[in-house]
Amino acid sequence: EKGAYTGDISAQMLAELGATHVIVGHSERRTGHGESNATVCAKARAAQKAGLIPIICIGETLEERKAGAAQHVIKEQLDDSLPEASDSTPFVVAYEPIWAIGTGMVPRLEEIDEIHQLCRSELRRSHPMLADETPLLYGGSVKGSNAAEIFSVADVDGALVGGASLKSDDFLGIITAAMNA
């Protein structure tokens, strides 16, 4: 929550700087820093305690997808990464298939729909008071050229944009698609 942790930043510091949201559980942190679902959950709770809205990232590897385990992985990440159901503090869920981040590979719309339906269903089970108002974002090679299609998928409430946010034409295309969705 707070303290002197060189190389890290606390939720309190972010809130004091005026941040309103914070990304937790991104695949780079999960894989590169060994962050577990329990760690992600603790960070989400710390963010909420500091008055921030956590954007909780979930996603499967290409190997997990090919093995038919994508739904199991996503369900486990949701079950173990989300703050307690008794808490009515808002959060956001961002589905980012790890194999699609920055690769140019994008899941078929049916695959995005399948995971977003699973997420909404799991939220209705685990967090019934927040389920329908919790934004579900899609991330993973979102570009101006595919954003409108992605935003047309039920339960895709927005995008978590990475590299395309650095290219003004691509980012403007995403913003335009979001406004028209």
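Everything quoted here is computed from the prediction, not taken from an experiment.

About the criteria used
Residues numbered from 1 in each chain as written. Predicted model: local features only at pLDDT ≥ 70, side-chain atom pairs only at ≥ 80, totals over all residues. Heavy atoms only, no water. Helix = DSSP H or I, 4+ residues; strand = E, 2+ residues; numbered from the N terminus. Rg over C-alpha atoms; globule rule 2.2 N^0.38 Å. Buried < 20%, exposed > 50% of the residue type's maximum accessible area, 1.4 Å probe, protein only. Contact = heavy atoms within 4.5 Å. Areas by Shrake-Rupley, 256 points an atom, 1.4 Å probe, with all protein chains shown as cover. Lys, Arg positive; Asp, Glu negative; His and termini not counted. Charge placed at Lys NZ, Arg CZ, Asp CG, Glu CD. Core = buried A, V, L, I, M, F, W, Y, C linked by side-chain atoms within 4.5 Å. Salt bridge = Lys/Arg side-chain N within 4 Å of Asp/Glu carboxyl O. 1 Å grid on protein atoms, 1.4 Å probe; cavity = no way out; pocket = protein on both sides within 12 Å on 5 of 7 lines; lining within 4 Å. Points joined across faces, edges and corners; volume = space filled by probe spheres on them. Nonpolar A, V, L, I, M, F, W, Y, C, P; charged D, E, K, R; others polar. Expected span 1.5 Å × (residues − 1).

Would you mind going over the overall build of the protein chain in detail, with residue names and values included?
When you go through the protein chain residue by residue, the secondary structure sums to 8 helices and 5 strands. Computed over its C-alpha atoms, the radius of gyration of the protein chain comes to 16 Å, within 12% of the 16 Å expected for a compact globule of 181 residues. By its C-alpha atoms, the protein chain is 45 × 35 × 30 Å across when sized along the principal axes. With 181 residues in all, the protein chain has 43% of them scored as buried. Within the protein chain, contacts between residues separated by at least 24 positions form 68% of all contacts whose residues are at least 6 apart in sequence. Looking at the protein chain as shown, the accessible area adds up to about 9500 Å², and 54% of this sits on carbon and sulfur atoms. Positive and negative side-chain charges of the protein chain, numbering 15 and 26 respectively, have mean locations separated by a distance of 3 Å.

Give me the nonpolar core: which residues, what numbers.
Core analysis: the largest hydrophobic core is formed by 37 residues, its most contacted members being Ile74 and Tyr138. Tallying contributions element by element places helix H6 (residues 109-126) first for this core, with 5 residues. In contact with Ile74, other than residues within four places in its own chain, are Ile58, Gly59, Glu60, Tyr95, Ile115, Leu118 and Cys119. Core analysis: the next-biggest nonpolar cluster, separate from the first, contains 6 residues, Ile55, Cys57, Val92 and Leu137 among them.

Provide a residue-level description of the pattern of salt bridges, including the pertinent values.
The final tally for this structure, using the stated rule, is 15 salt bridges. Between Lys43 and Glu35 there is a salt bridge, with the nearest N and O atoms lying 2.6 Å from each other. We classify Lys43 as partly exposed; its relative accessible area is 32%. Glu111 is the salt-bridge partner of Arg108, the closest N and O atoms lying 3.4 Å from each other. What makes Glu111 buried here is its relative accessible area of 13%. Salt bridges sharing partners connect three or more residues here, namely Glu60, Arg65, Arg108, Glu110, Glu111 and Glu114.

Give a detailed account of the layout of surface pockets, specifying residues and quantitative values.
A volume near 310 Å³ is recorded for the second largest pocket. In terms of lining, the second largest pocket is formed by 18 residues, of which the most central are Gly102, Ser141, Gly162, Gly163 and Ala164. A per-class count over the lining of the second largest pocket returns 6 nonpolar, 7 polar and 5 charged.

Quick rundown of H6? Include the residues and the values.
In a regular helix each residue adds 1.5 Å, so 18 residues correspond to 26 Å; H6 covers 25 Å between its end C-alpha atoms and thus fits that length. Tucked inside the fold, the buried residues of H6 contact strand E2 (53-58), helix H4 (62-66), helix H5 (70-81), strand E3 (92-95), strand E4 (136-138) and helix H7 (147-151).

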